[in-house]
Every structure is written in structure tokens, then in C-alpha cells.
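# Inside the fold
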Amino acid sequence: MSSVESKTAKTLAALDAAQPQPVVALFAEVRARFDAEAAAAHDEVSWKLFRDAWLGRKSGVLTQITDNWLKPASPELKRAVGAALNELRAHVEAQIEARRVALEGAADETTLARERVDLSLPGVVRPVGSRHIIRQVFEEIERIFLQIGFSVAEGPEIESPYYNFEALNIPEFHPVRDDMDTFYLELPKGAPGQLLLRTHTSPVQIRTMEKQTPPVRVIVPGKVYRRDNPDATHSFMFHQVEGLAVDTDITFCDFTGTIEYFVHEFFGPGVKTRFRPSYFPFTEPSVEFDASCIFCAGRGTAAGGGACSKCKGAGWIELFGAGMVDPAVYGFVNYDAAKVSGFAFGIGIDRLAMLKYGIDDIQVFFQNDVRFLRQFP
Amino acid sequence: MKVVYNWLKEFVDLTAPAEDAASRLALSGTNIGGIEQGAQGAVIEAELTTNRPDCLGHYGLARELSAIYRLPLKPVAPKPAESAAKAVGAVRVEIQSPELCGRFTARVIRGVKIQPSPAWLRERLEAAGVASINNVVDATNYVMLELGHALHAFDYDLVRDHRIVVRQAKPGEKMKTLDGLERQLTPGICMVCDGDGTRAVGIGGIMGGTETEISFSTKNVLLECAWFEPVAIRRATRFLRLYTEASTRFGRGADPELAELASRRCAELILQLAGGELLAGVVDAYPGKRAPKKIALHRSEFLRIMGVDVPDKEIEAILAALGFAPVRVDAQRGAAGSLLAAWECAQPSWRAEVEREIDLIEEVARIYGLDKFPPRFPVARKAAARLPHAAAEERLRERLMGLGYREIVTIPHVAEERNELFRPAEATPARLANPLSEEAGVLRSTAAVTMAAALEWNLNHGQRSARLFEIGRHYRLQGQQSVETRVLALGATGEAREKGIYDAARAFSFADLKGDLDAAGAFAGGFRWQPEGGAWLHPARCGRVFLGAQELGVAGQLARRVAERLKLRQDVFLAELLLDPLYVAMRAAGDARRFVPLPRFPAVERDFSLLLADGTSFAAVARVIQSLGIAEASSIEAADLFRGKNVPAGKYSLLVRVLFQSPTSTLTEAQITDFSGKIVATLEKQLGAQLRAG
């Protein structure tokens, strides 16, 4: 810098620059010097020194040029010196700013590399809870039926034989009782009647109709019990949702329409439905209700060839029993069988959940292993 | 029942493949388990509902197919050659219990040759799943499978006096049945006896006895074909735990009219297979003959139930094919499709369960095809309502899930021994009279017992941290009544916070359980805690939970004694609360909730580091501060607690943080100093508290 410093300390006259040409050469020399020094400003400290050396108000190079070259310049040179100075100033300021930006960017890079989060690491894991899958499936069923005007009712799990059997048109020694092996309670000596664990949610049909007159539309979720030895498809406790609709104008067509609506909502609109005649003492006509197999889309064949393992090649899956309420049942609740009609159904919640989620062992529902519970958030 | 398709073809000229027939049967009420191809052709597994005993023979299913395909059903009219000698002279029958046995026919075949059955018979029986025994016994089984009516063959010469007496069993009576077991009998069971009626030779409608059994030395056969009362048969089978092909058929209701025909058919077959001569006629005691029933069907009723009409011709063809002999009886006879159309039908003897108009409606609908009734969407006339407590239950469930608890569902059957560990003394357990096992002998008296089992399952399966809840019921007896109570169970074990990249691990403690319960209790205006808990809880780490004066339940760490019995090797925390009062309080608190304006002036915090004697509770400190009546003391909190270093034995250090705030002004330093001084002085005086430096 020494030559530039010494030159800017002198006037142009002292430098023998009375013509524009030597002035241009002087400015070119200063500018070359600046560009050479700029490269040396490699961090914040050296950059500040560099900036002050050139732009410092008291003794910066540009101030020196203004004071020593421009101000004393002869009137004929002043314009040329002024223009050259402005050009130099613009260059110096732009370069110093650019240098600052470059230095800051480099500093940020270092810091950010240290601070940058590793997105492959987990966040803070707070414990979260979950609904049991049986509950989730029931809520889905409840949502579907609430939309079409079915209220929710409930009833006791410990029942009298009257509600569980007799009032549902299942007298003692009816052969259907053989299919519903029943748990009975041990009661103190002298108890007037028996108590049992309900084998279906149907007793709540009777309890509901005893309490209200038609129109009736209810669904009844709950636990039911059958004295079956436990295995992959049997649990001596499982869950049903009973449905009951009674009114003055309900026909079989309303019944199938309601069930079809439910199945389309639950399994999807592409699922086909089928009703097969069956027998239950408390419905007539009674049906078993089938849906087209959701695993093979009703084709009966598995994707890899061979029979579909879920529907055993039938293309249909048996879902639940249902039917028009048997007029004998109305006799137990003082409804006029000649004036009202209705339908009832009993959906197995566990079975629907097993079908929908491909669960092959009913026991896992009730073991409550957290690894199972976690799968249904 | 295994149905040999070729056998059906003997009665109906079926041309459809077996698969088609099976599918049509399935869609008209006969459940089909599957089809297999064998030496005898297709065998269909038919799963019959209990109301259709008439289909427990091939002829009954042939009748179904004749109605489905509109093909004629061939009559069964056996005409076996008879000898000059009459059956009446060779055997006598007396029914002493007509309430148990409505009909008893007897035929006698003399000079038979008992031998193995020919191949065609053995193979057909085998295809139908029945083992071949000898030609005469096979003949009875063949007719049972063909017509659906069970028969029994006696060795005529072993029947004393050639006389049959039908009576009910005597108290304490015993007999040895064909399966070689001695059976204990009871009155109400129908016995077939011989001679003077003292010796039983068979349990009517269920199983014969060994003493008059057909053997290879049998020369003469007495053929029984009877009808037994279904309810009595079902009682008897349940009492004896003896279920046979015969008892299934009689127990569901056989056709009394068919008895004589089935006997004749069987005699024909015996003559064909074993030779001999059939004595003329039949000895037929028939006290239970039923008058034929008439049933009406109205189109208006059909429409009311089914919603869509069926043409006259279809109705009549279906009912006729099923044997109901419909006759139009309304005034508009001849007007096809009349809404006033009515038919009078005759109940066939094989369809005793069809008695009412609704039964006929079902018959027409199921054969006509349920798919012909188009689905329609019914209109609701009332708003739907959820259960009264549904909203409260949902809020509670959401809160618990937010606190990290997973919902479980349990089977309430537990071992009595386990139930006893948790049962409050005042609760009477609800025991089962017929449990499947001791392990499931009683319904839980508390939901804590099943929650402990769920934690135990997880610990035994390597899941060391779990937070679970159940919304369910517990079951108790009150005198002769059952009481089911809605309860919430909480269970937790392992770590409240797992060790991770950012946090150290922290074990779940009583404070976690209390905090979580209080977070739920906030919905109901807050729980109140009182010392002590159930006997199954750790005496120093438990509490009773109250809402006002109502006790909801207990919470705490499982007592070590109980944990050891359950082989739980880490601390387990449990709670059980009554839900109904909680739901009521949640609704009430929700209704009463009002906005409190936010404070406009700043609050000032003061910490008091106190040295207190063990046993002096935070509540006591708070009470003393509150007793000063400083309105500006807007909250009193415990901020820190420790024992040990620098704290003398028998004492502990508690940091109490008091927040001062005025709704009307900013508090001055002088006011705060004044409040603080009063607080310290009073705590020192009333609780012996010492203010610690710093």
C-alpha cells in the first residue's frame, strides 16, 4: 500500500498529473491495489480493518483522495477526478459489502452444520393411548346406525331366563337352547328363579319394547357369553350389537335395505349382499346374511390361484343372523302383532373386527398385549 | 347331514349338477357346509336348522328340491309281500304313557338270515356317514336316512311274551344300552319294555338295549317304528347326555303319520336283504293322532310383512309342492292378483312347526327367493339418541388416552382365589354354577383383578411398561339379585417416561397415578383424596378417591403380598372408580362451568422453604395459610420436596410457592413482605415449621 498511501497523501499537482490521462492511470493503480487487498480480508477482523482502511472517515483511502486529489484539483481536472472517484467509490463499497456477505455466509455454514437436526432421529416420544379395537369397531357401527335414526340402548349381562329365552319365543327344552350353552349363576338356597349370563344381546329387545311403544329403533352393544371351550374362533365371552326396528310400516324390504346400507358403509360400496333363509325362534322370516368376500372380491379364488382361504372358495362370507320380528315376541311386550312389524339383527363385533383386520385368533382381543393394542392407534 | 345327491334323484328327476342344487338349497333355507365327490357321486353336507326335522332324511330334501325346481316328487309306496299269518297274533303293544309316546307300530319278520349287507348298501351308508353293522340293522338305518324317521329292530325271540309295554322310567331304574353303558334313568324318560313291563329293552326314541339286540343268531325280527314326544326326548337326552341319530330326529319333532310308512318301507328292505316272511298287517297303537290343522294365508298380510307381492300362481305352486294343499277361499276367487286373496292351507304332518300365517309367508318367500324383494331404505320418525352417559364416557376416554393409557377389554370370568385377593369384604361374589373351569369360576367382584391380570400378561411377555384402562362392569350379588356396576379400572407399571435420546428414564410412581386420575377428575370439579385404601393396596402408597362425600374408589400401588402371589416382579399401580356418580358429576360440573375474568394486575410469587416434621402434610400447610384469610393469596403450591442431606432425621424440606395477586391493584413490596411475615410466623407457631435459609 505504501506507494498508494504516499501518492494519496500528495496533491495531483505534486504528482505531476495535470492532464486527465495520468489521473486515470493513478485511479487504476488505486483500484488494482484495492482488489489485491480485498482477497486478504478472510474473516470478520481482517474485513473490518480492510473496510476502515478504505472507507474510514478520517484517514481512509477514499477520504484521502477526496481531500488531496479532488478538492485541490484545478477546475479543468475536477470533473474528471470527481467522475473517477465516484466510480472508484461505487466499486469499493460494492466489493466490501459483497465480501461481508460472503464472510457471513461462510460463518453460518459452520454453525448450521453443528445445529442441523437429524431428521432420521425420532422426536420426543410421549406416551399415547388408544381405543380397544372392539370399541373402535362398535363406534363405527354406532355411527352408521345413528345416522339412520337408531338410538343406543343397553341392558344387564346377568339376565333371567325369561328375558334371555322365554320372551324371545325360546321355551325351556327348545332345541335352540342346545346351541346356546349357557352359564348359570350359583344363587343362595331358596332363590325363586335362575340367573344366567345372557347368550345374546336380544334380551334388550324385550326390555326396550317393555319400556316404549313403537316406533322403536335401537342398537344394543354389549358382552355376551356362551359356554364354549376357547379356541381360535371361540371365546366364551364375545360382543354383539343387537338391532331392533318396530313400526307400523316396516317390511322385509326395509330390513334388507337397512342391512345393505350398513354393509356398504362398513365394508365399502363395492360389497355385495345376500340373504339366505334361516331359523331363529324370535324372527320370522329369519335370514343369515352374507357379504361378498372382501378378501377375494367375491371371486372365490385367491390372488395367487387356488381357493380363497377366507371364504373357502365360496365368494361369500357369513356375517350375521337377522329377520323380521316373530309375532310371538310382540305378545310378550303387549304390542299388537296385527298392527306392527319390524326387524331385528345381531352383529358379532369381534367377528367383524377379525374379518376387517385379518385377525385369525379371537383370544388376542382379550389378552390385551400392548403390542396388539398399539397396532390399532 | 350327509346328503348323497344320487339318492335324491330316486325321488326327483333332477338334471341340475349337484353344485347348482346345493346353491339353490342354501338360498332357500338349507345351510350347505360343502360338497365332496366320492364313490357314490356328490355328497352335500347339509346343516339343518332345528325347525326342519323333516329334512333329516333324503326324501325331505327331495321335497325341497321339487319345490325349488318345480319338478314332481315321486311318492314312496312300498308294498312288501305279506304272509297269511297276521302280526296282530304275534305281538302285542301297550302304551301306558301316551304323553311320552304318541304312536308305536310293530311288524314281525320271520326267518331272516342275518348277514353282512351287500356292497351297494354298505357303500351308500358309508357315503352318508353311517357304519354298516348287519343287513337288518342297516335296513333300519337306511330307512332313517331315506325318510328321516328312526326305527329299531329287536330280536323277536328275546322279547319276553312278544309283548311291548311303553311306560316312563321308575325312580332309580337302570338299564344297559347298546353302547354297552349302564344308564341311570329318571321318571319322565320313556322306556320301551317287554313282558309284564318290568324289564326295559330300550330308551324310547334314543337307544335300544343290549338284551334284545339283533345278532347273527337272530331268526325273527320285531320292527319298531314309533313317535315320541319331542320335549320329553330333549329332556331325556340332556339328562342322560346321550345324543343319537334317533334322539336328534325325535327331539326336533318327527312325523307321527310317517311311522307306519317307514316301517313298511323297512320291512320291504329287510325282505330284500335278509329274506324271511313278513307277517300281515301292523300292530299300531296310536293314541297321539293329531287332527289336521288348517292355516290361512292372506295376500294383504304377505304384503304387510314382505313389502312386495308374489303372483297367485307362484304362491300356489310353492305351497302345493311343499305339501300345504292351498285352496283359494276368498270371495274374489278367480280374480288373479286380488289384494283380498286368501288361501286355506292344510298343515302337512311332517311340518308341525308351521302353524301360523307368518310361517306360510316365510315358506312362500324362501322358495320364491329372498333376492326378489328389493332393498328399500326406511324413513326414521324419531331423532336418534346415544346412551345418556355417552358424552361423559367419551370425554373420559379421550382424556385417559391423552394421558397415554390404552383401552383394554377383558373377560370377567376369574378364578375365585384371585378374586378373593381384591374383593372388598362387603361384596358377595357372583359365582358360576357351571363354570368351564376353576380358573373361570366367578365373575370379577372388582375390575382391579382383571386389570392386574392384563399387566401380568404384559410383564410375562416382555412388555415391561404399560398404561392401561378399562371401562367395564363389576358383578356382585345382593341377596338373590345380581348387581352390575359400571367402573373404570386403571393399571400402570414400568416407566412413566422411557429413557430416550433427550430424556432420562423415570419410573411410574403413585404420583403419576394420582396426577392422571386428577386430570380426569377435573371434569367433575376435582377429586378429594383420603388416606387408606383396600387391603390389596400398599398401606403407605394408596388413597381413597372422593367426589364430595361420595367415595368413588381406591387407587395405589399393589400390595407386595398380592404382587408376590401374582408373581409380579415390579411395582404395579391400580385404581378402580365407580363411573355412574362420576358421569353425573361431570354433567353437573359442565352445566355449572362459567367464565372467570383473566387478572388485570401482575402476580407476585414468593417461595417458602420449610423444614417440617414427617407426617405434616402439604394440605396442613395450605390450610394454615388459607386460615389467615389473605384474599390476595391466589394459589398455594408445593414446588419442591426433599429428604436427606442437610435435613435432620424425622424432618423433611418442603418448598411452598404462594402466588399473590389482587384483582384491583398492583401489590406493593410492603404488602408482600407483610403477607410473608404473617405466613411464616403462623406456620412456625401452628406446625412447628422452620424457615430454611435461602
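Residues numbered from 1 in each chain as written. Chains lettered and ligands numbered in written order. Predicted model: local features only at pLDDT ≥ 70, side-chain atom pairs only at ≥ 80, totals over all residues. Heavy atoms only, no water.

The subject of this paragraph is the overall build of chain A. A count of helices and strands for chain A gives 14 helices and 9 strands. Expected size for 377 residues packed as a compact globule is a radius of gyration near 21 Å; at 46 Å, chain A overshoots this value by more than 25%. If one aligns the C-alpha atoms of chain A with their principal axes, the spans along those axes are about 135 × 50 × 45 Å. Counting the 377 residues in chain A, one finds 53% classified as buried. Considering only contacts in chain A between residues 6 or more positions apart, those separated by 24 or more positions represent 68%. (Helix = DSSP H or I, 4+ residues; strand = E, 2+ residues; numbered from the N terminus. Rg over C-alpha atoms; globule rule 2.2 N^0.38 Å. Buried < 20%, exposed > 50% of the residue type's maximum accessible area, 1.4 Å probe, protein only. Contact = heavy atoms within 4.5 Å.)

On to the overall build of chain B, then. Along chain B, the regular secondary structure elements total 19 helices and 35 strands. Radius of gyration (C-alpha) of chain B: 40 Å, far over the 26 Å computed for a compact globule of 694 residues. Each principal axis of the C-alpha distribution contributes one length, and for chain B these read about 130 × 65 × 50 Å. Considering chain B as a whole, with its 694 residues, one finds that 53% of them fall into the buried category. Sequence-distant contacts, at least 24 apart, represent 69% of the contacts inside chain B between residues at least 6 apart. Put simply, chain B shows about 30600 Å² of open surface, and 53% of that area lies on carbon and sulfur atoms. Of the charged side chains in chain B, 88 are positive and 84 negative, and the gap between their average positions amounts to 3 Å. (Areas by Shrake-Rupley, 256 points an atom, 1.4 Å probe, with all protein chains shown as cover. Lys, Arg positive; Asp, Glu negative; His and termini not counted. Charge placed at Lys NZ, Arg CZ, Asp CG, Glu CD.)

For the rest of this paragraph, the subject is the interface of chain A and chain B. Contact with chain A, which involves 101 residues of that partner, is made by 88 residues of chain B. For the pair chain A and chain B, the summed buried area comes to about 8000 Å², and 56% of that belongs to carbon and sulfur atoms. Seen at the junction of chain A and chain B, the total is 12 salt bridges. Between Asp247(A) and Arg381(B) there is a salt bridge, with the nearest N and O atoms lying 2.4 Å from each other. Counting across the chain A and chain B interface gives 43 residue pairs in polar contact (both at pLDDT 80 or more). When residues in the side of chain A that touches chain B are grouped by element, the largest group, 8 residues, is from helix H10 (residues 252-267) of chain A. (Buried area = accessible area lost by both parts, 1.4 Å probe. Salt bridge = Lys/Arg side-chain N within 4 Å of Asp/Glu carboxyl O. Polar contact = N/O pair within 3.5 Å; in protein donor to acceptor, adjacent residues only side chain to side chain.)

Per the domain assignment, the segments of chain B are domain 1 (2-69), domain 2 (82-285), domain 3 (294-368), domain 4 (390-592) and domain 5 (604-691). Here the C-alpha centre of domain 5 of chain B lies 96 Å away from the C-alpha centre of domain 2 of chain B. (Domains from an automatic or database assignment.)

Residue and element names in this part refer to chain B. In the sheet, strand E4 (residues 82-86) pairs with strand E15 (residues 277-280) via 2 bridges, with the strands oriented parallel. Each bridged residue has a counterpart across the sheet, and for Glu-82 the counterpart in E15 is Leu-278. Here strand E6 (residues 101-110) runs beside E15; their pairing, made up of 2 bridges, is antiparallel. Paired with Ile-109 across the bridge in E15 is Leu-278. (Pairing = 2+ DSSP bridges.)

Let us look at helix H3 (residues 44-55) of chain A. Residue and element names in this part refer to chain A. In this model, H3 (12 residues) spans 16 Å end to end at C-alpha, consistent with the 16 Å of a helix rising 1.5 Å per residue. The set of residues buried in H3 consists of Ser-46, Trp-47, Phe-50 and Trp-54. The buried residues of H3 occupy an angular sector of 100° when projected down its axis, which confines them to one face. In H3, the exposed residues that point more than 90 degrees away from the buried face are Glu-44, Val-45 and Leu-49. Contact partners of the buried residues in H3: helix H2 (20-38), helix H4 (61-70) and helix H5 (75-115). (Expected span 1.5 Å × (residues − 1). Arc of directions from axis to C-beta.)

A few words on a nonpolar patch on the surface. Taken together, the side chains of Leu121(A), Val124(A), Ile501(B) and Tyr502(B) define a hydrophobic patch exposed on the protein surface, amounting to about 380 Å² of accessible area. With respect to the element layout, Tyr502(B) can be found in the loop between strand E26 (495-497) and strand E27 (506-507). Residue classification places Tyr502(B) among the partly exposed residues on the basis of a relative accessible area of 45%. (Patch = residues over 30% accessible without salt bridge, like charges linked within 9 Å, V, L, I, M, F, W, Y side chains within 5 Å.)

What follows covers the sheet that holds strand E18 (residues 327-328) of chain B. Residues and elements named next belong to chain B. The sheet built from 3 strands is open, its strands ordered E17-E19-E18 with antiparallel pairing. Two strands in the sheet have a free side with no partner beyond their single neighbour: strand E17 (294-298) and E18. Pairing between E18 and strand E19 (residues 342-346): 2 bridges, direction antiparallel. Its bridge partner being in E19, Val-327 is matched across the sheet by Glu-344. Across the sheet, helix H10 (residues 312-321) is in contact with E17, E18 and E19; its angle to E19 comes to roughly 5°. Along the sheet, helix H11 (residues 357-368) contacts E17 and E19; its crossing angle with E17, the most-contacted strand, is approximately 65°. (Axes fitted to C-alpha atoms, helices over the stretch in contact; angles between N-to-C directions.)

For the rest of this paragraph, the subject is the environment of Glu99(B). Residues and elements named next belong to chain B. Assignment of secondary structure puts Glu-99 in the loop between strand E5 (92-95) and E6. Judged by its relative accessible area of 47%, Glu-99 is partly exposed. Note: C-alpha distance between Glu-99 and Glu-182 (83 residues apart in sequence) is 25 Å.

Okay, the environment of Leu146(A) next. If you trace the backbone, Leu146(A) turns up in helix H6 (residues 133-147). Residue classification places Leu146(A) among the partly exposed residues on the basis of a relative accessible area of 24%. A C-alpha to C-alpha distance of 8.8 Å links Leu146(A) and Ile219(A), two positions 73 residues apart in sequence. When residues no more than four places from it in sequence are discounted, the contact partners of Leu146(A) are Val152(A), Ala384(B), Ala385(B) and Arg386(B).

Here we take up the sheet that holds strand E8 (residues 316-325) of chain A. On the basis of which strands lie adjacent, the open sheet formed by 7 strands has the order E1-E4-E5-E9-E8-E7-E6 (chain A) and mixed pairing. The open sheet has two free edges, formed respectively by strand E1 (151-152) and strand E6 (273-280) of chain A, since each of these has just one partner strand. With 8 bridges connecting them, strand E7 (residues 283-292) of chain A and E8(A) associate as antiparallel partners. In the strand pairing of E8(A), Phe289(A) is matched with Phe320(A). Taken strand by strand, H11(B) contacts E6 and E7 of chain A, and its axis lies near 30° from that of E7(A).

Between Pro214(A) and Pro215(A) the backbone carries a cis peptide bond, its omega angle lying at 5°. Positive phi outside glycine occurs at Phe173(A), with the angle close to 70°. Its location among the elements puts Phe173(A) in the loop between helix H7 (161-164) and helix H8 (176-179). At Asp161(B), a position not held by glycine, the phi torsion is positive, near 60°. Positionally, Asp161(B) belongs in the loop between strand E7 (152-155) and strand E8 (163-168). Take Asp161(B): its relative accessible area is 51%, and that puts it in the exposed class.

Right, let's talk about the packing of aromatic side chains for a bit. Residues and elements named next belong to chain B. On inspection of all chains with the given rule, the structure shows 37 aromatic pairs over all chains. When the ring of Phe-660 is compared with that of Phe-675, the centres are 5.3 Å apart and the planes differ by 25°; the resulting orientation is stacked. Separated by 15 residues along the polypeptide, Phe-660 in strand E34 (residues 651-660) and Phe-675 in helix H19 (residues 669-687) bring together distant segments of the chain. Accessibility assignment for this pair places Phe-660 and Phe-675 in one class, buried. Sitting above the plane of the Tyr-69 ring, Arg-24 keeps its charged end 5.1 Å from the centroid. Seen from the ring of Tyr-368, Lys-372 lies directly overhead, with NZ or CZ sitting 4.9 Å from the centre. (Phe/Tyr/Trp six-rings, centres within 6.5 Å; stacked < 30°, edge-to-face > 60°. Lys NZ or Arg CZ within 6 Å of the ring centre and 35° of its normal.)

So, on to the side chain of Asn134(B). Residue and element names in this part refer to chain B. Within the secondary structure, Asn-134 is located in the loop between helix H4 (119-127) and helix H5 (135-147). Side-chain polar atoms of Asn-134 contact the backbone nitrogen of Val-137, separated by 2.9 Å. Setting aside anything within four residues of it in sequence, one finds Asn-134 in contact with Ile-114, Gln-115, Ser-117, Ile-214 and Phe-216.

Moving on, we come to the nonpolar core. One finds Ile141(A), Phe262(A), Leu319(A), Phe365(A), Phe422(B) and Leu558(B) to be the most contacted residues of the largest nonpolar core, which totals 231 residues. It is helix H8 (residues 258-274) of chain B that provides the largest number of residues to this core, a total of 11 residues. With residues near it in sequence (within four places) discarded, Phe262(A) still touches Ile141(A), Ile144(A), Phe145(A), Phe320(A), Ile347(A) and Leu352(A). (Core = buried A, V, L, I, M, F, W, Y, C linked by side-chain atoms within 4.5 Å.)

Here the focus is the environment of Ser28(B). If you trace the backbone, Ser28(B) turns up in the loop between helix H2 (18-26) and strand E2 (31-38). For Ser28(B), a relative accessible area of 2% puts it in the buried group. Residue contacts for Ser28(B): discarding those within four places in its chain leaves Pro277(A), Glu64(B), Ile68(B), Arg366(B) and Ile367(B). Here Arg24(B) takes part through its backbone oxygen, which lies 3.0 Å from a polar atom of the side chain of Ser28(B).

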